[in-house]
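What follows is the residue order along each chain.
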There are 4 protein chains.
Amino acid sequence: MTHKVAILGASGYTGAELVRLIDLHPNIEVAALGAERKAGMSMAQVFPHLRHLDLPVLCKISEIDFSAIDLCFCALPHKTSQEVISALPSSVKVVDLSADFRLRDPAEYEKWYGNPHSAVALQETAVYGLTEFYREEIKSARLVAGTGCNAATGQFALRPLIADGVIDLDDIILDMKCAVSGAGRSPKENLLHAELSEGYHPYAIGSTHRHLGEFDQEFSAIAGRPVKVQFTPHLVPANRGILATVYVKGDAAAIHASFAKAYTDEPFVELLPMGEVPSTRHVRGSNFCHIGVAADRIEGRTIVTAALDNLTKGSSGQALQNANLMLGEEETTGLTIAPLFP
Amino acid sequence: MTHKVAILGASGYTGAELVRLIDLHPNIEVAALGAERKAGMSMAQVFPHLRHLDLPVLCKISEIDFSAIDLCFCALPHKTSQEVISALPSSVKVVDLSADFRLRDPAEYEKWYGNPHSAVALQETAVYGLTEFYREEIKSARLVAGTGCNAATGQFALRPLIADGVIDLDDIILDMKCAVSGAGRSPKENLLHAELSEGYHPYAIGSTHRHLGEFDQEFSAIAGRPVKVQFTPHLVPANRGILATVYVKGDAAAIHASFAKAYTDEPFVELLPMGEVPSTRHVRGSNFCHIGVAADRIEGRTIVTAALDNLTKGSSGQALQNANLMLGEEETTGLTIAPLFP
Amino acid sequence: MTHKVAILGASGYTGAELVRLIDLHPNIEVAALGAERKAGMSMAQVFPHLRHLDLPVLCKISEIDFSAIDLCFCALPHKTSQEVISALPSSVKVVDLSADFRLRDPAEYEKWYGNPHSAVALQETAVYGLTEFYREEIKSARLVAGTGCNAATGQFALRPLIADGVIDLDDIILDMKCAVSGAGRSPKENLLHAELSEGYHPYAIGSTHRHLGEFDQEFSAIAGRPVKVQFTPHLVPANRGILATVYVKGDAAAIHASFAKAYTDEPFVELLPMGEVPSTRHVRGSNFCHIGVAADRIEGRTIVTAALDNLTKGSSGQALQNANLMLGEEETTGLTIAPLFP
Amino acid sequence: MTHKVAILGASGYTGAELVRLIDLHPNIEVAALGAERKAGMSMAQVFPHLRHLDLPVLCKISEIDFSAIDLCFCALPHKTSQEVISALPSSVKVVDLSADFRLRDPAEYEKWYGNPHSAVALQETAVYGLTEFYREEIKSARLVAGTGCNAATGQFALRPLIADGVIDLDDIILDMKCAVSGAGRSPKENLLHAELSEGYHPYAIGSTHRHLGEFDQEFSAIAGRPVKVQFTPHLVPANRGILATVYVKGDAAAIHASFAKAYTDEPFVELLPMGEVPSTRHVRGSNFCHIGVAADRIEGRTIVTAALDNLTKGSSGQALQNANLMLGEEETTGLTIAPLFP
């Protein structure tokens, strides 16, 4: 049986990544591609690398017949997303890739995103989409909120450690190195090749990045008390990848053991041998997350490193992984493709 | 039925690319990975991006039991390749990725590669591996000689035009822009990141590149008379991709029609609408070749452009395509993955 | 004596490059920086790499007191440039970096740029700014029209050969590889890092690039009869640099000799020994142009290669070189800085 | 009066950078270029970007007449450096760019570099070359030990804070992002463009990098008690630049004030306004170091960021700055060139 899906926001990078991955899925068919400003164009015009595929023409969301759609991937900007999803028929399952349904507390949403939430009741039904930790809820959810790409990376590097109580909760520092595609496809001066190539810099300095809302929510829930981390993202001249270097206080062996317990059976999370480090180049284009653990020379301090592809495991790959669960498919279908290196 | 294959030279880029592609193939199993200097290492150590795969440990070629092997991919340096292949049991089919069996005339081989050919009889049995043009011979071949990556690109851009007589054979210029992975994984000063990043230059200037041997052989055979092209490769700071800009004298419409006729049914060659141009970023990591045609402002002159991924369509993808034919598989199995963009 | 200059369009890349170079000039002072949309900002905000310099705040052009200005660099978009320059007091010398005064024939201007020229009389007084070939006229000019960056590169590679009659005028092909900064600082989807990194493609295919207007004008004037070249630019993932690979019919030795004669005494044009090739990385950030000559394997065909930095020798460096002549300074002052490698 | 200098190790990146900078110095002349393996070659062959300069041919060190040399820059590998410098006549001042004379305690040297020090007496005379903090000692030194490039970056970000007692000495984390040229020009697989482009990773994990020896020595000396920092370097796909993100416990305003006091009169250290961040692209090719301070959302925690060019301020620029002091020149001569952007 083939599931019919719509992708809203198909002219962005996560939309294209969904198409690329679904092409490898035997039981999912792209039935509609929504893109307001580029409606009427073919996918080959918007993304020439997909020109060999037989895909629907891009259309306005209002033109889509959702009665024929089983599941809708919503890759729209935040705020727009909550409006669009509110208007979808309840028969359509939804995987939202925006930030709109990630935060359970509407006040937190407003604090980080600047606008009041307009679909609070719907928010209450949403399941947080970090598959490895919300698997059962996702299976029966109608609406799944995809995580932020930085938020996913940091959580893979920290959730088991907080749950197992093997690190100091009051001294957690996430230093992240993020590739450019995470900033999206909208033209901005600071994203031009001439601006970014051959240079790199921190941004959202002082733990002001919006993905902190997710860290606060999730880590506090696991710990059963407020947990606040420091988080500094950096923009690096590469297209895909997030690398988290996480500084914690705790015993390296205990930390490695905690990860081993959590991830042994996970198909997409690879724990490296003690002392080894991951690289973004070794997960590029794939749904894998590589995690490393190393003891610092200072006793009791450990460095956790994690790498994933922001567009795949950090976004569209995660979305398909969740859709598989929601549609009764094998969780890994369409997602086991090896990374592209070099 | 599963075919068992060996990959010799598994620690190089084309070896890793074969593993990546074969992982998507339901009926081929990697049974042996040969790598002389890195024998004893796991593939995860040599190529951490493949660490999630269950693969044999790298071993010396002499340790491989070829009686259990159906087909051998040989990704060794030229000269070594002919020696190794000569020693293989005749029951093993071979796809050679080196230059050793591409040129039918041993004198031409010696002229371009500097050493006398040591397996002339074997050479006589080899089929030139440009699948789209040697499909039938490949199906029944025991030994297929993979083409040079530049040679493949240039032939996709020129073979139909020479065959159809729509261009001047005495005035063909191939200006190619080649990514870095084509130069292989051996450490050399001129391939360091610090040397190449942010700069680009021509090399093998004056039509001295070895792939000209293939152009001369193939184009002359098609034309039935000697054809000599000009060919200038350039090294560009990117990892994957070859872009050929081909300057010919001929009518653009006739040229476009010639391509349309040749490639309409080809699964991997995409002819763009008249006036459009391909980009290496739109074929990266895939087995596709995109071809564009545009008329110059000077009447009777046309620019043909072609792009492919040197490691996939230009090498390991082509090799698997040929192996599929030799093993009785569907030609496209394991090869239809979409390009990775961005 | 210190000359006071204004830079209009100071928030673009050529504006910043002028500031960088003038900082090395002992006798020129930046007295005004014009930038309409960013008026009121400091240069440190617009270009943080210049924060150590003591520079005027950016202002609107209308706020500049031109009576205190000796020379004005005009780095504005075409069309705007002709309007602004027309309004400047005649006491101010002008080096225009736009396309507005490059083409002597207003009909040619309109053909290539799409709008009628609004300052035809002023155009008649303009001198074409390719310093090495218009040195004497530039010394006494009030208005110098800086060349296109591609146009400069191609002319360095061809002017002496056309003048000396050593190549076939009817078969000249310029294949150019251009870095990204030449496209300017305006945000556009196709200039994003995520779009460009790791890929490359031709553009303005079919000899439709506007710089052809300059080639036609200049080459025809030298030859004394119409000369039309083919010209295909390619966008390469690097920030600075233009590499021209020029295919000509003519004897390599005669061509090398023609260059040697033309450029022996030129401070910024370096002719490489026969057979060597230039690289954009070896001229980056400098005012040098490197030129190579190599014979093709086909007798009577030669490949000329030329590399320069589009922002320096191709634009702002050339502009300062011209300003030096116009102000009675040594032509090379402020311009002899070595390239930045790696 | 012109000072004659020799550069030993002239075929490496720091050697070339010294030549580039000295070319801007009116009173220093490169009299000898030593390079053992490339002896006999011209600098134009080894570094074509310097081909316009009139430079001595590369020679073996044994061929240099040091009686005619005022100062010698020694850009050789560690261990070789101490042997070569020991053999130089005492009349020659020396700026060593290697690690050989940075650590005052020979046991520390052996611990970090693996070999016993063979010139302990000479070591005792060496002055640590971080100009801004050892200015007076450098003026009268015969031998100055250039700092590690990471060591310089980290010290600019921390020395004033330790001296002023405004941060917790037991909880200092340096997360550094380093460009590729810092790894030198020797061909290694892991430095190939195809390996590094589009990916990034940590290395020397667990605070095992050799530059920690310098941090330990200097920070402990300032504090008057042992100080141990955590330091994780990352390799980023860019050619020049080091970015340090330093996590400290202390008040942001006090930290900013400490920097302001330390660096107000420093010509090459630029303190950014509170909350702003530096970028490697804004110091590239220059001798400047940009420093930023931002308060974290967690009270009492501050992030200090610092950026410099590893080949200039981190190595050859620092070396020339020191040489200026040793030769009685203005400290800034030849070093005020603006960064190259884009």
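As the structure is a prediction and not an experimental result, all values here were calculated from the model.

Draft legend 1. Up close: the sheet that holds strand β12 (residues 269-271) of chain B. All names here are of chain B. Taken together, 7 strands build an open sheet; the order of strands is β9-β10-β8-β11-β14-β13-β12 and the sheet is mixed. Two strands bound the open sheet, and with one partner strand each, they are β9 (201-202) and β12. The pairing of strand β13 (residues 289-295) with strand β14 (residues 301-308) spans 7 bridges and is antiparallel. Bridge pairing in β14 places alanine 294 opposite isoleucine 303.

Draft legend 2. A look at the interface of chain C and chain D. Counting residues at the interface gives 26 residues for chain C and 26 residues for chain D. Looking at the side of chain C that touches chain D element by element, the count peaks at 3 residues for helix α1 (residues 13-22) of chain C. Residues belonging to the side of chain C that touches chain D are distributed by class as follows: 14 nonpolar, 7 polar and 5 charged.

Draft legend 3. Here's a closer look at the relation of the copies chain C and chain D. In screw terms, the move from chain C to chain D is a rotation of 180 degrees and a rise of 0.0 Å along the axis, fitting with an RMSD of 0.0 Å. What the superposition gives is, in effect, a two-fold axis relating one chain to the other. Looking at the interface residues of chain C, 100% of them are also at the interface in chain D, so both copies use one shared face.

Draft legend 4. Spotlight on the domain arrangement of chain A. Residue and element names in this part refer to chain A. Structurally, chain A comprises domain 1 (3-125) and domain 2 (150-310). Computed from C-alpha coordinates alone, the two centres of domain 1 and domain 2 are separated by 26 Å. Domain 1 puts 9 residues into the contact, and the matching count from domain 2 is 7 residues. Ranked by the residues each element gives to the side of domain 1 that touches domain 2, the list is headed by helix α4 (residues 106-113), at 3 residues. Residues that form the side of domain 1 that touches domain 2 fall into these classes: 5 nonpolar, 1 polar and 3 charged.

Draft legend 5. Up close: the relation of the copies chain C and chain B. Aligned on chain B, chain C shows an RMSD of 0.0 Å; the corresponding rotation is 180 degrees and the shift along the axis is 0.0 Å. Here 100% of the interface residues in chain C have copies in chain B that are interface residues too; the copies meet face to matching face.

Draft legend 6. Just the packing of helix α7 (residues 149-163) of chain D against helix α11 (residues 312-327) of chain D, in detail. Residue and element names in this part refer to chain D. Look at α7 against α11: their axes get within 8 Å of each other, and the N-to-C directions meet at 100 degrees. In this view, α7 runs roughly perpendicular relative to α11, as classed from their interaxial angle. Packed against α7, whose contacting residues are Cys149, Ala152 and Thr153, the element α11 presents Lys313, Gly314, Ser315 and Gln318 at the interface. Its residues placed into classes, the contact of α7 with α11 shows 2 nonpolar, 4 polar and 1 charged.

Draft legend 7. The arrangement of helix α10 (residues 252-263) of chain D in detail. Given a rise of 1.5 Å per residue, 12 residues ought to cover 16 Å, and the 16 Å separating the end C-alpha atoms of α10 of chain D matches this to within 8%. Where α10 of chain D is buried, its residues touch α7, β12 (269-271), β13 (289-295) and β14 (301-308) of chain D.

Conventions and cut-offs
- Residues numbered from 1 in each chain as written.
- Chains lettered and ligands numbered in written order.
- Predicted model: local features only at pLDDT ≥ 70, side-chain atom pairs only at ≥ 80, totals over all residues.
- Pairing = 2+ DSSP bridges.
- Helix = DSSP H or I, 4+ residues; strand = E, 2+ residues; numbered from the N terminus.
- Contact = placed C-beta atoms within 7 Å.
- Nonpolar A, V, L, I, M, F, W, Y, C, P; charged D, E, K, R; others polar.
- Least-squares fit on C-alpha atoms with pLDDT ≥ 70 in both.
- Domains from an automatic or database assignment.
- Axes fitted to C-alpha atoms, helices over the stretch in contact; angles between N-to-C directions.
- Parallel < 35°, antiparallel > 145°, perpendicular 65-115°, else oblique.
- Expected span 1.5 Å × (residues − 1).

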